[in-house]
Amino acid sequence: MDTINPSCLLPVRSHYGTCCYKEMFIQQKIPAFLIRSYQKTPSHCSRKAVRVELLKGKKFCVDPEERWFQQYQRQKESPSAST
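Because the structure is a prediction, the values reported are computed rather than measured.

Honestly, the environment of Gln-71 in this entry has me stumped. Any pointers?
You can see Gln-71 is positioned in helix 1 (residues 67-77). By relative accessible area, which is 37% here, Gln-71 ends up partly exposed. Considered as a pair, Gln-71 and Ala-32 are 39 residues apart in the sequence and their alpha carbons are 10.0 Å apart.

Here is the structure:
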């Protein structure tokens, strides 16, 4: 009998669960203090997007080309952001 690798137990039900579709995108800026994490969608998805998770667990899709998101990402990746 095969054993289940715990690292494979992800909360994603299918490949499509990680993709963003037109109706899932939000246009307004999300305040940085509300963002818990973000993750780029996989390359197999038809739309290039970033899934943003808020502190309370809600998830939204944003266009990675959105100016506010690019600024947020640069700020997070900046070495001085931790000081």
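Still more to cover.
I keep staring at helix 1 and nothing clicks. Help me out?
Each α-helix winds once per 3.6 residues, and so residues spaced three or four apart point in a common direction. If you check which residues of helix 1 are buried, you get Trp-68, Phe-69, Tyr-72 and Gln-73. Viewed end-on, helix 1 has its buried residues packed into an arc of 135°, placing them on one side of the element. Opposite the buried face of helix 1, by more than 90 degrees, sit the exposed residues Arg-67, Arg-74, Gln-75 and Glu-77. In this fold, the buried residues of helix 1 make contact with strand 1 (35-40), strand 2 (50-54) and strand 3 (59-62).

Looking at this model, I keep getting lost on the state of the cysteines. Mind explaining?
Working definition: the covalent bond between the sulfur atoms of two cysteines is a disulfide. Tallied over the full model, the rule gives two disulfides. Put simply, Cys-19 and Cys-45 are joined by a disulfide, and their sulfur atoms are 2.0 Å apart. Negative torsions about the S-S bond denote left-handed disulfides, and the value of about -80° found for Cys-19 with Cys-45 makes this one left-handed. In this pair, Cys-19 is assigned in the segment before strand 1 and Cys-45 in the loop between strand 1 and strand 2, connecting sequence segments 26 residues apart. Cys-45 shares its class with Cys-19; the two are buried. The side chain of Cys-20 participates in a disulfide bridge whose partner is Cys-61; the two sulfur atoms lie 2.1 Å from each other. On the sign convention where negative is left-handed, the bridge of Cys-20 and Cys-61, at about -80° about the S-S bond, is left-handed.

What exactly am I supposed to notice about the sheet that holds strand 2 here?
Across a sheet, strands are paired by hydrogen bonds formed along the backbone, either parallel or antiparallel in direction. A sheet is described by the order of its strands in space; here three strands give the open sequence 1-2-3, paired in antiparallel fashion. Each edge of the sheet is formed by a strand with only one pairing partner; in this case those strands are strand 1 and strand 3. On average, each strand axis in the sheet is inclined to that of its neighbour by 25°, with strand direction left out of account. The pairing of strand 2 with strand 3 spans four bridges and is classified as antiparallel. Looking at the pairing, Glu-53 lines up with Lys-59 of strand 3. On the sheet, helix 1 packs against strand 1, strand 2 and strand 3 and is oriented at approximately 105° with respect to strand 1.

Calculation rules
- Residues numbered from 1 in each chain as written.
- Predicted model: local features only at pLDDT ≥ 70, side-chain atom pairs only at ≥ 80, totals over all residues.
- Heavy atoms only, no water.
- Helix = DSSP H or I, 4+ residues; strand = E, 2+ residues; numbered from the N terminus.
- Buried < 20%, exposed > 50% of the residue type's maximum accessible area, 1.4 Å probe, protein only.
- Arc of directions from axis to C-beta.
- Contact = heavy atoms within 4.5 Å.
- Disulfide = S-S within 2.5 Å.
- Pairing = 2+ DSSP bridges.
- Axes fitted to C-alpha atoms, helices over the stretch in contact; angles between N-to-C directions.

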